[in-house]
Amino acid sequence: MSLFQDTYDVVVVGGGHAGSEAAAAAANMGSKTLLITMNLQNIAQMSCNPAMGGIAKGQIVREIDALGGYSGIVSDRSAIQFKMLNKSKGPAMWSPRVQSDRMRFAEDWRLMLEQTKNLDFYQDMVSGLLVHNDCIYGVKTSLGIEVKAKSVILTNGTFLNGLIHIGEKQFGGGRAGERSATGITEQLLDLGFASGRMKTGTPPRVDGRSLDFKKMIEHPGDENPDKFSYLKLTKPLTKQRSCHMTYTSPEVHDLLREGFDRSPMFNGRIQSLGPRYCPSIEDKINRFADKDRHQIFVEPEGWNTVEYYINGFSTSLPEEVQFKALKSVVGFENVKFFRPGYAIEYDYFPPTQLKHTLETKLIEGLYFAGQINGTTGYEEAASQGLMAGINAALRVQDRPDFILKRNEAYIGVLIDDLITKGTEEPYRMFTSRAEYRTLLRQDNADLRLTPKGFDLGIASESRMRRMEEKHQKASDFVEFFRTTSVKPVEANPVLQACNSTPMKQSDKMFKIFSRPNVTINHVRQFDAVEAYISRENLDPEVIEQTEIQIKYAGYIAKEKNNADKLNRLEDLKIPANFDYSRLKSMSFEAREKLKMIQPTSISQASRISGVSPNDISVLLVYMGR
C-alpha cells in the first residue's frame, strides 16, 4: 500500500524560504498541499546571515506580509534588533531590517506551517519528476515513493548538485552538514531545459566570548523600533541586542593574500559567478586593491547564543588562512571559530524559461521559485515562493493567473526582471531597479496589495479591515490639512524655527505642510492638529502615511501618470506563438531574443535587452498598430 494514495493539488519541493511561503500560500487558498524536504528539522533555515530585510528587501518583506504571507510575522516574532535604513533620504528609500534570532526564526516558521490547514509534510529527497505529454503529474523520491500532484513547485535553493569549497577541499552538500540533491537537474536537461552554475558564499561563525567588543563600534537598534507585519498580533521590540563594527587592515589583507594560490576562486576550481553586490573578502581585496580597509559587521545569532556571524568576511580560503587573518582584525585577537566560511556552487535554471506566473514554459503545472531561478537572498526567494504558491493554487482551481505589474510591487519588478532579462549572476533586488519606487514604498505595501491578497483568499478579513481603516484615517487627515486654515500669529513662530519664510496672511495647513523644511513635528505644534490627532486616536502609522502623501504628492502623481502610460502598453498583448521570423526589418538579435522569451505584451517586449525602440515600432506595425 502506497504512503500517498490521494493526488495533491500542490506539491512543494524544498523547505527553505521559497518553499515555506509557497506551501503556506497554496494551503491557505484551500489547495491540498504537501511540503517535501530533505530534513524537516531545517525548515526555513537562515543559511547565511541572521537578518531579514534591508535595502529594497525590506519592501519585499512588507509586500509578502501585505498579501498574507508569513515572512513578516515570523521576522517580528524572532527579531532581536530593528532598524529603518536610509531614514536620512526620502521615504521611497526607507527600508526596514531586523536582526533575527536564527533558531527562533526557524522554529516560528515550523510552528506556523504546522498550524496551517490543508498542509501535509514529508521528509525525503525528491529525485525525479513525473511528466507525461509535457505536463507534470507528480514527483518521485529517493526511496522510490511516487506522489501524484496536479502541480509541483521546485524550490531547491543551493542543493541541486551543490558543491562546497573550503580552500582546496571540496565536497558535495547543499549547506554545511547537509547533502546535496541529485537527479532533478539531469531530468530537466533531458526535458529540454537549459541550466547553469552559480556560486555564493558565507563567512565564519565565531564564539562571542572570545571577542573584545570594547575595541569595536557599537551599532544599536532604532530608539523607537518599528516592525514588519501590518497585523497587530506582532509587537515592536521593547529591548534589543546591538551589533558591532570593526575593520580589516593592510596586515589582514596581506595574510589573506598568502592563501590566494589555494583559493578556489583564483585557482580555477570555481568558475561560476557569485553575487556582485555581496563579494567575498578575497574578491574585495583583489578588486579594490586601493582600499586599505573594509567594514566588518559582527552580528549576534540570537538572544541567548554566543555564536556570531561575521558579515563582510565571506570567504572560501583555507580554514587556517581564514583563522590567521581574522585574528589580526581589531577585537578578534583571541577569536575562536565555530565553523569556517565556505563557498558553494549549485545548479540554477535561467529564468527566461518561465512565465510571469513562474510556471515553466516547457512543462505545464511545473513552477520554479527561489535560487533555482538565479536569485540570491531570503526575501527574493520568499516572494517568488509566495507567487508560485498562489499561481499553482489558482491553476488547480481554474482561476485566472495572479501577476503583479512593475508599478504595483517590488515583487512585480523582481519577477519581470528575471523572466524578461534573465540573469547570469545571482540577482539581488535594489531600489534602483524599480522605476516607480516612489509608489512602491515600504509604508504603503498594505494599501497596494492587501485588497489583492484578500481577493485571493490568503489575506484575512481582519487584515483587510485594518488596511481599510488606515486608508480612511489617512485620507481624512489629508483632507483635514486641505480644508483647515492657520493664522500667521500661530504659524510664524513655527516657520521661523524651521527656517521657513513667515506667512503674511492665513493659509491652508496643507500648503504650509508641503514646504520642504516643515515636518509633522512642526505642524503638530498647531493646536488644531494635535487636537485632531487626539480626537481621532491616530496611530504613528496613519500619521506617517499622511505626511508622506502630503510631502510627496507631486512626485506620487507624476509616477502614477508614467505608470498609466506604461500600462497602456501592457494592455497591447502579443498573440501566443507569434512568428517573429517574418519581421525581416527587425534586427536579428531582437528576433532571437523575442523568440526565446516570448513576451506577452508590447511593454514586456520593450524591456528585453537587445530589443530597440525601432524593433518595437516594427512589431507594432505588424500587429496593425
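Scroll up a little and you will see the structure.
These numbers come from a predicted model, not from an experiment.

Draft legend 1. Structural detail: the overall build of the protein. Of regular secondary structure, the protein possesses 21 helices and 22 strands. Scaling as 2.2 N^0.38, a compact globule of 625 residues should have a C-alpha radius of gyration of about 25 Å, and the protein matches this with 26 Å. Overall size of the protein, expressed as C-alpha extent along the three principal axes, is 80 × 70 × 55 Å. Looking at the protein as a whole, 57% of its 625 residues are labelled buried. A separation of at least 24 residues holds for 73% of the contacts in the protein among residues at least 6 apart in sequence. On the protein, the mean spot of the 80 positive side-chain charges and the mean spot of the 77 negative ones are 3 Å from each other.

Draft legend 2. Layout of the side chain of Arg-62. Along the polypeptide, Arg-62 turns up in helix 2 (residues 57–67). Overall, the relative accessible area of 4% leaves Arg-62 in the buried class. For Arg-62, the residues in contact, after removing those within four places along its chain, are Pro-96, Asp-226, Lys-227, Phe-228, Tyr-230, Gln-442, Asp-443 and Ala-445.

Draft legend 3. Quick peek at unusual backbone geometry. Even without being glycine, Asn-118 reaches a positive phi, approximately 70 degrees. Following the sequence through the fold, Asn-118 ends up in the loop between helix 4 (102–114) and strand 6 (119–123). Classification of Asn-118 as partly exposed rests on a relative accessible area of 40%.

Draft legend 4. Fine view of the pairing of strand 15 (residues 243–247). Of all the five residues making up strand 15, four are buried; the element is thus mostly covered by neighbouring parts of the structure. Summarising the sheet, strand 14 (residues 217–219) and strand 15 pair through three bridges and their orientation is antiparallel. Note on strand 15: the bridge partner recorded for Glu-218 is His-244. With four bridges joining them, strand 15 and strand 16 (residues 295–300) adopt antiparallel strand pairing.

Cut-offs and rules
- Residues numbered from 1 in each chain as written.
- Predicted model: local features only at pLDDT ≥ 70, side-chain atom pairs only at ≥ 80, totals over all residues.
- Heavy atoms only, no water.
- Helix = DSSP H or I, 4+ residues; strand = E, 2+ residues; numbered from the N terminus.
- Rg over C-alpha atoms; globule rule 2.2 N^0.38 Å.
- Buried < 20%, exposed > 50% of the residue type's maximum accessible area, 1.4 Å probe, protein only.
- Contact = heavy atoms within 4.5 Å.
- Lys, Arg positive; Asp, Glu negative; His and termini not counted.
- Charge placed at Lys NZ, Arg CZ, Asp CG, Glu CD.
- Pairing = 2+ DSSP bridges.

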